[in-house]
Every structure is written in structure tokens, then in C-alpha cells.
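Residues per chain, in single letters:
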Amino acid sequence: MQVRRASAADWPRIWPLWHRVVSTGETYMSAPDTDRETAAGVWLLPPPAAIFVAEDGSDVVGTALLKPAQPGLGDHVANAAFMVDPDRAGQGIGRRLAEHVLDAARALGYTAMQFNAVVSTNTAAIALWTSLGFDVLATIPGAFRHARLGPVAIHVMFREL
Ligand SMILES: CC(C)(COP(=O)(O)OP(=O)(O)OC[C@H]1O[C@@H](n2cnc3c(N)ncnc32)[C@H](O)[C@@H]1OP(=O)(O)O)[C@@H](O)C(=O)NCCC(=O)NCCS
């Protein structure tokens, strides 16, 4: 498996996995029925944002978006989002992708990384981010309408780079 920077040309292979993850309504704020064009507008952001894919042969098995958490005077803190093909979960792809993106963020000059909305029931993600040095700084009650569980809390997670 390799992780590399991606471009709009990769969208046809990113979109199926993006859709599978978001359509569960369990981990991302985007509406579960987000269409392909709207999703491209959310994920394929122009620089300074950077998009990544994890590839196994010709299969895209994961993707990540790295961008400034804030504009202007806050753009030294990064924000990132990660998705792994549900059929390939638990195989180390998310960890590999996250380590790559943390290194890329450092190389781009970011000094910290902030996750704005980690769903509190997302035990896999919270375990991964905690193992990579992120702390929960704040918890916002009921801020995510989970498709199965109803309103659940979200965490703001943070680490210096
Ligand atoms: C969260 C996600 C990126 C993790 O990717 P992954 O490839 O499945 O994770 P990995 O196999 O690399 O596992 C990394 C760590 O996550 C944790 N983890 C993974 N699956 C888990 C599970 N089912 N239960 C609990 N912890 C789990 C473990 O701590 C694991 O550590 P290890 O390397 O010591 O085993 C992936 O599940 C995903 O895309 N989920 C849907 C979208 C999402 O939630 N994105 C993050 C939003 S904050």
C-alpha cells in the first residue's frame, strides 16, 4: 500500500468510498445523501488544502483531506479528515494514512492539528487519534444527529505537531 497526494483526477475512485462512509450518517457531518458533485466541493478543496489517497494496487482504500483549521491568522493550525474503505477497516490503513498526513502537515509548516467534530461514539477513530497523541479538549453535547443513535456528543481533539 502507498499513500500519495491526490488530485481531482482521482475523484472517480475516491467518491465510492466517500459515499459509503458518509451515507452511514454515523461519523461525518455531511448529509448522508450528499451527491457526488456536492461531495467533490467538500473534499477537493483548492490549495493550501491537500488531498491524499491510500492505494492498494489500483484500488483507492483510503483518503484524507488536510487543510488550515482557520483562515488568515489561524492558518498555522491544521485540520484533517480521514476515511478508509469500510471493507478494509481494521487493517492499519487509517493509521498509515494518518501518520503520513501528520508528517505532511509538519512539512507544510503547520504547528498543530485540530479535529473539530469527532463523533463521541466513533470508538475506532477516538482510539486511533488518542494513540497518535491527540487529546480531547472539549465535548459538545448532542451536536451530532447520529443516524442510529440520535443526538450524540462531538469532541474537539488537538495535538501539537
Ligand atoms: C477511523 C478510521 C479512519 C480508522 O481506520 P482503520 O484503517 O480502520 O484503522 P486502523 O486499522 O489503522 O487501526 C488504527 C487504530 O484504530 C483503532 N481501531 C480500529 N478499529 C477499531 C475498532 N473496531 N474498535 C476499536 N478501535 C479500533 C485501534 O486503536 C487501532 O490501533 P492499532 O493500530 O493498535 O490496532 C476508519 O475506521 C474510518 O474511515 N471510519 C469511518 C470514517 C471516520 O470515522 N473517520 C474519522 C472521523 S473523526
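Heads up: the structure comes first, above all this text.
Within each chain, residue numbers correspond to sequence positions counted from 1 in written order. The predicted origin of the model limits local features to residues at a pLDDT of at least 70 and limits the giving and counting of side-chain atom pairs to 80 or more, whereas totals for whole chains, interfaces and linings rest on all residues.

1. Focus on the overall build of the protein
Right, on to step 1. Per the convention used, a helix needs a DSSP run of H or I reaching at least four residues, while a strand needs a run of E reaching at least two, with both numbered from the N terminus. The number of helices and strands found in the protein is 4 helices and 7 strands.
Right, on to step 2. Listed by position from the N terminus, the elements making up the protein come as β-α-α-β-β-β-α-β-α-β-β.
Right, on to step 3. Computed over the C-alpha atoms, the radius of gyration of the protein is 15 Å, within 12% of the 15 Å expected from 2.2 N^0.38 for a compact globule of 161 residues.
Right, on to step 4. Each residue is classed by its C-beta neighbour count within 10 Å, where at least 20 other C-beta atoms makes it buried, 12 or fewer makes it exposed, and intermediate counts make it partly exposed; the C-beta atoms are placed from backbone geometry. Evaluated residue by residue, the protein yields a buried proportion of 27% over its 161 residues.
Right, on to step 5. Long-range contacts, defined as pairs at least 24 residues apart, comprise 58% of the intrachain contacts of the protein with a sequence gap of at least 6. Using C-alpha atoms as the atom set, the radius of gyration is obtained and then compared with a globule rule of 2.2 Å times the number of residues to the power 0.38. We call two residues in contact when their backbone-placed C-beta atoms lie within 7 Å.

2. Digging into the sheet that holds strand S1 (residues 2–5)
Right, on to step 1. Strand order in the open sheet formed by 7 strands is S1-S2-S3-S4-S5-S7-S6, and the pairing between neighbours is mixed. At either margin of the open sheet sits one strand with a lone partner, and together these are S1 and strand S6 (135–146). Here the strands of the sheet are splayed against their neighbours by 25° on average, with no regard to which way each runs.
Right, on to step 2. Strands are labelled as partners when DSSP assigns at least two bridges between them. With 7 bridges joining them, strand S2 (residues 50–56) and strand S3 (residues 59–68) adopt antiparallel strand pairing. Bridge assignment links Phe52 to a residue of S3, and that residue is Ala64.
Right, on to step 3. The strands touched by helix H1 (residues 11–23) are S2, S3 and strand S4 (77–84); relative to S3, the strand with the most contacts, the crossing angle is about 80°. Note on geometry: axes are C-alpha line fits, over the in-contact stretch for helices, and angles between N-to-C directions span 0 to 180 degrees.

3. A look at the site of the ligand
Right, on to step 1. As used in this record, a residue near a molecule or strand is one whose C-beta atom, placed from the backbone, is within 6 Å of it. In the vicinity of the ligand, 21 residues are found, and the nearest of them are Thr27, Gly94, Arg95, Ala124 and Ala127.
Right, on to step 2. Per element, the largest residue contribution to the shell around the ligand is 6 residues, and it comes from helix H4 (residues 123–131).
Right, on to step 3. Classifying every residue of the shell around the ligand by side-chain character gives 12 nonpolar, 8 polar and 1 charged. The residue classification treats Ala, Val, Leu, Ile, Met, Phe, Trp, Tyr, Cys and Pro as nonpolar and Asp, Glu, Lys and Arg as charged. All others, Gly included, are polar.

4. Side note on the pairing of S3
Right, on to step 1. Buried residues dominate S3, accounting for 7 of its 10 residues.
Right, on to step 2. Between the antiparallel neighbours S2 and S3 lie 2 residues, among them Gly57 with a positive phi of about 60°.

5. Considering the packing of H1 against helix H2 (residues 36–43)
Right, on to step 1. At a closest axis distance of 11 Å, the pairing of H1 and H2 adopts a crossing angle of 100°. Taken together, the axes of H1 and H2 lie roughly perpendicular to each other. In this structure, H1 uses Trp11, Ile14, Trp15, Trp18 and His19 to contact H2, whose residues at the interface are Arg36, Ala39, Ala40 and Trp43.
Right, on to step 2. Broken down by class, the residue content of the contact of H1 with H2 amounts to 7 nonpolar, 1 polar and 1 charged. Angles below 35 degrees are treated as roughly parallel, those above 145 as roughly antiparallel, those between 65 and 115 as roughly perpendicular, and all remaining angles as oblique.

6. Observations concerning helix H3 (residues 93–107)
At 3.6 residues per turn, the α-helix brings residues three or four places apart onto the same side.
Right, on to step 1. Helix span is expected to be 1.5 Å times the residue number reduced by one. Compared with the 21 Å implied by 1.5 Å per residue over 15 residues, the 21 Å span of H3 between its first and last C-alpha is a close match.
Right, on to step 2. Those residues of H3 that fall on the buried side of the exposure criterion are Ile93, Gly94, Leu97, Ala98, Val101, Leu102 and Ala105. Seen along its axis, H3 keeps its buried residues to an arc of 160°; they face one direction. The exposed residues of H3 that point more than 90 degrees off its buried face are Glu99, Asp103 and Ala107.
Right, on to step 3. Buried residues belonging to H3 abut S1, S2, S3, S4, strand S5 (112–119) and H4.
Right, on to step 4. In the stretch just after H3, Gly109 is the one whose phi turns positive, near 95°. This arc corresponds to the set of directions leading from the helix axis out to the C-beta atoms.

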